[in-house]
Amino acid sequence: MKVLVAVKRVIDYNVNVRVKADGSGVETSNVKMAMNPFDEIAVEEAVRLKEAGVADEVVAVTVGSAASQETLRTALAMGADRGIHVVSDEELQPLAVAKVLKSICLEEMPDLVIVGKQAIDDDSNQTGQMLAAMMKWPQGTFASKVELNDSKAVVIREVDGGLETVGLSMPCVVTTDLRLNEPRYASLPNIMKAKKKPIEEKQASALGVDIAPRLTVVSVSEPPKREAGIVVEDVSQLVDKLKNVAKVI
Ligand code: AMP
């Protein structure tokens, strides 16, 4: 069984993100980048399937600039067998990424595709769903548990009211939620070994898919600053403030 995982290079989740002065986006120069946290969970799940003898091969794919190779190396150090780097110097929107992943799926024919539920930079939560739709494959989104048996995937999904269990015929697309697993740190020997694992490079523009953007970012702005709170003396003062200052009761 072949598992394909998609990994995106994003601003590290520990970084305090700054909006560019002209409001055109966020500052990415001289900022620490890392693998999207939900993609780390995707790689972990795929590697666990391989360790359990369920999967034979784990292929990691990234779409992005030359620097995204670093993210692929991290996936290889975590245990993926090989990488595919689809090179694009422009940041591609989810629809374009889904089309690129479709083209890779048609070539690789994986039994299972695992992607993050969302990239923490654009928060789109679209790529996995679009890929599944375009491949006409079933999808199990926001997975908190995945079990594979007899060419079926049983996915427990986190939904508003609790947990939903869905059975998917394979090939299928699964998107990871936070509680699916706890990703491992790559050990130094595995980081060294990963340097020798193969990465195939393809140009996004050569895949024959329309990757032109469909959305325009009008502006990006900081959220409003939170004002300092006050300490009230007693309940009657609290009620007074809620009624007359905050005007919420
Ligand atoms: P999004 O729809 O942008 O929130 O992204 C959802 C998931 O799609 C991510 O967690 C990744 O697994 C995958 N993905 C999105 N963009 C890329 C990219 N440029 N390269 C590889 N995977 C991506």
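It should be noted that the structure appears before, not after, this text.
Just so it is clear, the model here is predicted, and its values are computed rather than measured.

(A) View of the site of the ligand. Neighbouring the ligand are 19 residues; D39, V63, A119, N125 and T127 lie closest to it. A distance of 2.9 Å is found between an oxygen atom of the ligand and a side-chain nitrogen or oxygen belonging to D122. Note that an oxygen atom of the ligand is positioned 3.3 Å from one of the backbone N or O atoms of S124. Contact with the protein chains covers 98% of the free accessible surface of the ligand, which is 480 Å². If you tally residues by element for the shell around the ligand, the top one is strand β4 (residues 57-64), at three residues. Of the residues assigned to the shell around the ligand, the class counts are eight nonpolar, eight polar and three charged.

(B) Main features of a nonpolar patch on the surface. Together, V235, V239, V248 and I249 make up a nonpolar patch on the protein surface, roughly 390 Å² of accessible area in all. Take I249: it is sitting in the segment after α6 (235-244).

(C) Fine view of the sheet that holds strand β9 (residues 162-169). Taken together, the nine strands give an open sheet; going across it, the order is β9-β8-β7-β10-β6-β1-β4-β5-β11, and neighbouring strands pair in mixed fashion. Where the open sheet ends on each side, the last strands, each with one partner, are β9 and β11 (199-203). Direction aside, neighbouring strands of the sheet carry axes that sit 30 degrees apart on average. Where strand β7 (residues 139-149) lies against strand β8 (residues 152-159), six bridges are found, and the strand directions are antiparallel. Each residue of the ladder has a partner; that of N149, found in β8, is K152. The sheet contacts of helix α1 (residues 37-51) involve β1 (2-6), β4, β6 (112-116), β7 and β10 (172-176), and relative to β6 the element is tilted by about 150 degrees. Each of β6, β7 and β10 touches helix α4 (residues 127-135); the most contacted strand, β10, lies at about 175 degrees to it.

Here is what the cut-offs are and how they apply
Residues numbered from 1 in each chain as written. Predicted model: local features only at pLDDT ≥ 70, side-chain atom pairs only at ≥ 80, totals over all residues. Heavy atoms only, no water. Near = heavy atom within 4 Å. Polar contact = N/O pair within 3.5 Å; in protein donor to acceptor, adjacent residues only side chain to side chain. Areas by Shrake-Rupley, 256 points an atom, 1.4 Å probe, with all protein chains shown as cover. Helix = DSSP H or I, 4+ residues; strand = E, 2+ residues; numbered from the N terminus. Nonpolar A, V, L, I, M, F, W, Y, C, P; charged D, E, K, R; others polar. Patch = residues over 30% accessible without salt bridge, like charges linked within 9 Å, V, L, I, M, F, W, Y side chains within 5 Å. Salt bridge = Lys/Arg side-chain N within 4 Å of Asp/Glu carboxyl O. Pairing = 2+ DSSP bridges. Axes fitted to C-alpha atoms, helices over the stretch in contact; angles between N-to-C directions. Contact = heavy atoms within 4.5 Å.

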